[in-house]
Amino acid sequence: AKKKTRRASGNSTSSKQLQDSETLDIRLHNRHFSVVDKLGEGGFGAVFEAIDLDLASKHNSDDEDSGEDEDADEANRVALKVVRPRNLWEFHILRRIHATLPTTVRRSIVTPQALYAFRDESFLVLELRKQGTLLDIVNRAPAAGITQVGGCMDELLVMFFAVELLRALDGLHRAGFIHGDVKIDNCLLRLEDVPGPASAWAAAYDPAGAGGWACKGVTLIDFGRALDTRLWPPAQRFVADWPVDARDCPEMRDGRPWTFEPDYFGLAGVVFCMLYGRYIDAAAVARGPPGGVDGEGRYRLATPFKRYWQGELWTRLFDVLLNPTLVRPDGSLPVTDELAAVRGEMEAWLQANCNRASNSLKGLLKKIGLAILGGKG
């Protein structure tokens, strides 16, 4: 698929031309797809971009004279996640999540469309998000003009994306879901066009999503390790039976039981990477003297904050994310109310600083669209 797309790079990307020349057609049960490109690959398998030819055929017949071929073409595209051996769980839990959570949270969770499971592999059909990951933004921040002196991404952007992820995890955790694999490359950009004229996207940030801000955010993907805690007794804890690395929480690395800790440490790693431009590792986190629950010391970042950052706010956030079981006297999780309070302060700071003279939040998001996505942002 990758090779075919390179050969077709000079051609129009309409469904018909791609179908006629440079795609690989496959049929899954009663649906027909044309694979266009490989989007990613991991130990589980690979994810491909594909055109849903049945949907494309319907749109072509309905909109033959509408002049909206490009928009229709994008609407016909999906992501195909091919997994060997087959995986039934991710589709199932994504359906449970979308049936449970409110709309404000669901827009930050990838939407499943269908699952085709065979004896040796499965094909999960998902909505397509092609704007890249937060990791792409970190890697291209200087070229995009969205950095601050001495840091990686501009703090306005880091705060905005952190708030979006906090809101998504808050919704998941309150409903009893654990993502289990929160990493920066599992956070896709969600920078949709705001319906209406250019003025429909307000300059002033609104955490409730008014003024077009509901169209801007992130989409969490890769729910293969996700858990629905409602399926187990209330006190149930879990142990990882897969290879772990420095981006996994200490409980996983030490072989200790856990519940919501992986999501909190994962989010800490995402924010750390956006602030410093590198992955979190053992050297980036230090542990204080013994104390607190079970005599354990508190984890903290060993890397200092820049003097012009909101150090007090970031310190509070990382303290909760790195020490969730020390937040309450009984060590109970999840700590949704405590993180919601921190998120509220972050939202208030964004509202007060979104239109600063140097770089506005809206302007920075537009730079991402123009310099990295090649679109309108």
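What you are looking at is a predicted structure, and each value in this text was computed from that prediction instead of being measured.

(A) Unusual backbone geometry, seen in detail. In this structure, the amide linkage connecting Arg 84 to the following residue, Pro 85, adopts the cis form with an omega of -10 degrees. Looking at the element boundaries, Pro 85 is found in the loop between β4 (77-83) and α5 (89-100). Residue Pro 334 is bonded to the preceding Leu 333 through a cis peptide linkage, with omega at 5 degrees. Residue placement: Pro 334 occurs in the loop between α11 (311-322) and α12 (336-353). Unusually for a residue other than glycine, His 29 sits at a positive phi of about 55 degrees. Phi at Asp 222 is positive, roughly 60 degrees, even though this residue is not glycine.

(B) Focus on the packing of aromatic side chains. Counting across every chain of the model gives 14 aromatic pairs. Ring geometry for Phe 160 and Trp 213: centres 6.0 Å apart, planes at 65 degrees, overall edge-to-face. Here Phe 160, found in helix α8 (residues 155-174), pairs with Trp 213, found in the loop between β8 (187-191) and β9 (216-220); they are 53 residues apart in sequence, far enough to count as distant. As far as the burial class goes, Phe 160 and Trp 213 line up, both buried. Measuring from ring centre to ring centre gives 4.6 Å for Phe 272 and Tyr 276, while their planes differ by 35 degrees; the resulting arrangement is tilted. Note that Phe 272 and Tyr 276 are positioned in helix α10 (residues 261-276) at a spacing of four residues, about one turn of the helix. We note that Phe 272, like Tyr 276, is buried. Among the aromatic residues, those joined into a ring-pair cluster are Phe 272, Tyr 276, Phe 305, Tyr 308, Trp 309 and Phe 318. The lysine or arginine in question, Lys 216, covers the ring of Trp 201, its NZ or CZ lying 4.2 Å from the ring centre. In this arrangement the basic side chain of Arg 247 is found over the ring face of Tyr 279, its NZ or CZ atom lying 4.3 Å from the centre.

(C) Summary view of the sheet that holds strand β2 (residues 31-42). The strand order across the open sheet formed by six strands is β1-β2-β3-β4-β6-β5, and the pairing between neighbours is antiparallel. Whereas interior strands pair on both sides, the edge strands pair on one side only; in this sheet they are β1 (24-28) and β5 (112-117). In this sheet, neighbouring strand axes are inclined to one another by 35 degrees on average, regardless of whether the strands run parallel or antiparallel. Across seven bridges, the pairing between strand β3 (residues 45-52) and β4 is antiparallel. When the sheet's bridge partners are listed, Ala 50 is paired in β4 with Val 78.

(D) Quick look at the environment of Asp 136. For Asp 136, the location among the structural elements is in helix α7 (residues 134-144). Side-chain polar atoms of Asp 136 contact the backbone nitrogen of Thr 133, separated by 2.8 Å.

(E) View of the side chain of Ser 34. For Ser 34, the location among the structural elements is in strand β2. At 2.3 Å, the side chain of Ser 34 and the side chain of Asp 25 are in polar contact.

(F) Up close: the environment of Leu 28. Turning to its location among the elements, Leu 28 is positioned in strand β1. Leu 28 sits in the buried class, given a relative accessible area of 3%.

(G) Inspection of the pattern of salt bridges at higher detail. For the structure shown, the criterion picks out 26 salt bridges. The partner of Asp 228 in a salt bridge is Arg 96, and the shortest N-O contact between them spans 2.8 Å. Taken as a pair, Asp 228 in strand β10 (residues 227-228) and Arg 96 in helix α5 lie far apart in primary sequence, 132 residues in all. A relative accessible area of 0% means that Asp 228 is categorised as buried. The exposure class assigned to Arg 96 is partly exposed, which follows from its relative accessible area of 26%. When salt bridges with common partners are traced through the structure, they connect Glu 164, Arg 167, Arg 190, Arg 343 and Glu 347 into a single cluster.

Rules used in this analysis
- Residues numbered from 1 in each chain as written.
- Predicted model: local features only at pLDDT ≥ 70, side-chain atom pairs only at ≥ 80, totals over all residues.
- Heavy atoms only, no water.
- Helix = DSSP H or I, 4+ residues; strand = E, 2+ residues; numbered from the N terminus.
- Phe/Tyr/Trp six-rings, centres within 6.5 Å; stacked < 30°, edge-to-face > 60°.
- Buried < 20%, exposed > 50% of the residue type's maximum accessible area, 1.4 Å probe, protein only.
- Lys NZ or Arg CZ within 6 Å of the ring centre and 35° of its normal.
- Pairing = 2+ DSSP bridges.
- Axes fitted to C-alpha atoms, helices over the stretch in contact; angles between N-to-C directions.
- Polar contact = N/O pair within 3.5 Å; in protein donor to acceptor, adjacent residues only side chain to side chain.
- Salt bridge = Lys/Arg side-chain N within 4 Å of Asp/Glu carboxyl O.

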